[in-house]
Amino acid sequence: MWMAVVPLFGQSNADAKTIISKDANTVNDAMLSGDLDTILDYAYPAVFNRVDRNSMKSVFNQLFSGNDELKIEIQKPDHFFIEVVEVAETSDHVKYALVIHPVKMKMIFLKTTFEPDQYSMIENLYAEKGFKAKFSGNNALIIERTSIMIALNDKITKDTWKYVNFDEENIIYSSIIPAEVFKKAKELNIKLQQKLKED
């Protein structure tokens, strides 16, 4: 599918990158502090046509506060960066940008412990999904990866930048992101995974 890569009228690419980088840092800070309202405020509004905002907030709450079996802690990456890879406009006049940034989290298994001879097998399973994984003790796993966030600016966002994480397997996200943009994000993700394997 053809992609028109053209400058954004009324806003230079440099200006757009500055705004997007600032927003991405705000969202990252909100993730680290558990400020779910801020995270959802920056989300692409079409997401809430598929999943109610309060329901999504409840899911995040459960994820971060944990349950009887698992708790997830968002951690600050050792080398944090925000890189706006591309700012362009689709043939349907949807402004978009692809943003890459590192993500690090600690998964704490509250009812399960692992033996040392299981570590490499489980770490390799996560590596196949694009994560660097390393055990921290016998019941915690630290996983890291370079993630892609898609910035969108269209009629739905009322000409402001809003964001959605790229997740190839999430049918909700793939159904609301323009196909042209999703294809670009998928191609970028392949490059990131290849780089991870080379490293």
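To keep things clear, this report deals only with the structure shown in the data block. (Residues numbered from 1 in each chain as written. Predicted model: local features only at pLDDT ≥ 70, side-chain atom pairs only at ≥ 80, totals over all residues. Heavy atoms only, no water.)

Describing the overall build of the chain
Here is step 1: Check the secondary structure of the chain and you find 7 helices and 6 strands.
Here is step 2: Secondary structure elements of the chain, listed N to C terminal, follow the sequence α-α-α-α-β-β-β-α-β-β-β-α-α.
Here is step 3: Expected size for 199 residues packed as a compact globule is a radius of gyration near 16 Å; at 18 Å, the chain falls within 12% of this value.
Here is step 4: When each of the 199 residues of the chain is scored for burial, the buried share is 40%.
Here is step 5: Residue pairs at least 24 apart in sequence account for 63% of intrachain contacts in the chain once pairs closer than 6 positions are excluded.
Here is step 6: When the accessible area of the chain is evaluated, it comes to approximately 11600 Å², of which 51% is carbon and sulfur surface.
Here is step 7: Within the chain, one finds 24 positive and 29 negative side-chain charges whose respective centroids are separated by 2 Å. (Helix = DSSP H or I, 4+ residues; strand = E, 2+ residues; numbered from the N terminus. Rg over C-alpha atoms; globule rule 2.2 N^0.38 Å. Buried < 20%, exposed > 50% of the residue type's maximum accessible area, 1.4 Å probe, protein only. Contact = heavy atoms within 4.5 Å. Areas by Shrake-Rupley, 256 points an atom, 1.4 Å probe, with all protein chains shown as cover. Lys, Arg positive; Asp, Glu negative; His and termini not counted. Charge placed at Lys NZ, Arg CZ, Asp CG, Glu CD.)

Considering the nonpolar core
Grouped burial of nonpolar side chains is what soluble globular proteins tend to show.
Here is step 1: Core analysis: the biggest nonpolar cluster contains 23 residues, and Tyr44, Val47, Leu98, Ile150, Leu152, Val164 and Ile177 have the highest contact counts within it.
Here is step 2: Listed by contribution, the elements that provide at least two residues to this core are β3 (95-109), β5 (140-153), α6 (171-176) and α7 (179-198).
Here is step 3: Among the elements that line this core, the one with the most residues is α7, at 5 residues.
Here is step 4: Setting aside chain neighbours within four positions, we find Leu152 in contact with Tyr44, Val94, Lys95, Tyr96, Thr157, Thr160, Trp161, Lys162, Val164 and Pro178. (Core = buried A, V, L, I, M, F, W, Y, C linked by side-chain atoms within 4.5 Å.)

Topic: the pattern of salt bridges
Here is step 1: Here the structure, examined in full by the defined rule, presents 5 salt bridges.
Here is step 2: The closest approach of N and O atoms between Lys104 and Asp78, which form a salt bridge, is 3.2 Å. You can see Lys104 sitting in strand β3 and its partner Asp78 sitting in the loop between β1 (70-75) and β2 (83-89), a full 26 residues away along the chain.
Here is step 3: On the basis of relative accessibility, which here comes to 11%, the residue Lys104 falls in the buried class.
Here is step 4: With a shortest N-O distance of 3.3 Å, Lys186 and Glu168 are connected by a salt bridge. With Lys186 in helix α7 and Glu168 in the loop between β6 (162-165) and α6, the pair connects residues that are 18 residues apart, well separated along the chain.
Here is step 5: Several salt bridges share partner residues, and in doing so they unite Asp37, Asp41, Arg53 and Lys57 into one network. (Salt bridge = Lys/Arg side-chain N within 4 Å of Asp/Glu carboxyl O.)

A few points about helix α1 (residues 13-33)
Here is step 1: If you check α1, its first and last C-alpha atoms are 30 Å apart, about what 21 residues at 1.5 Å a residue would give, namely 30 Å.
Here is step 2: For α1, the full list of buried residues reads Ala16, Ile20, Asp23, Ala24, Val27, Asn28 and Ala30. The buried residues of α1 occupy one face: seen down the axis, they fall within an arc of 155°. Counted as exposed and oriented over 90 degrees from the buried face of α1: Ala14, Thr18, Lys22 and Ser33.
Here is step 3: Residues of α1 that are buried sit in contact with α2 (36-41), β2, β3, β5 and β6.
Here is step 4: Following α1 by one or two positions, Gly34 adopts a phi angle in the positive range, close to 75°. (Expected span 1.5 Å × (residues − 1). Arc of directions from axis to C-beta.)

Comments concerning the packing of aromatic side chains
Geometry of an aromatic ring pair is reported as the spacing of the ring centres plus the angle between the planes.
Here is step 1: Counted according to the given criterion, the structure contains 7 aromatic pairs.
Here is step 2: For the ring pair Phe166 and Phe182, a centre distance of 5.2 Å and an interplane angle of 55° mean the geometry is tilted. Residue Phe166 is found in the loop between β6 and α6, and its partner Phe182 is found in helix α7; the two are separated by 16 residues along the sequence.
Here is step 3: According to the relative accessible area criterion, Phe166 is buried, its value standing at 12%.
Here is step 4: Members of the aromatic cluster, connected to one another through ring pairs, are Phe109, Phe114, Tyr119 and Phe135.
Here is step 5: The ring of Phe131 carries the charged tip of Arg145 above its face, separated from the ring centre by 4.7 Å.
Here is step 6: Of note, Lys162 hangs over the ring of Tyr42, and the distance from its end group to the ring centre comes to 5.8 Å. (Phe/Tyr/Trp six-rings, centres within 6.5 Å; stacked < 30°, edge-to-face > 60°. Lys NZ or Arg CZ within 6 Å of the ring centre and 35° of its normal.)

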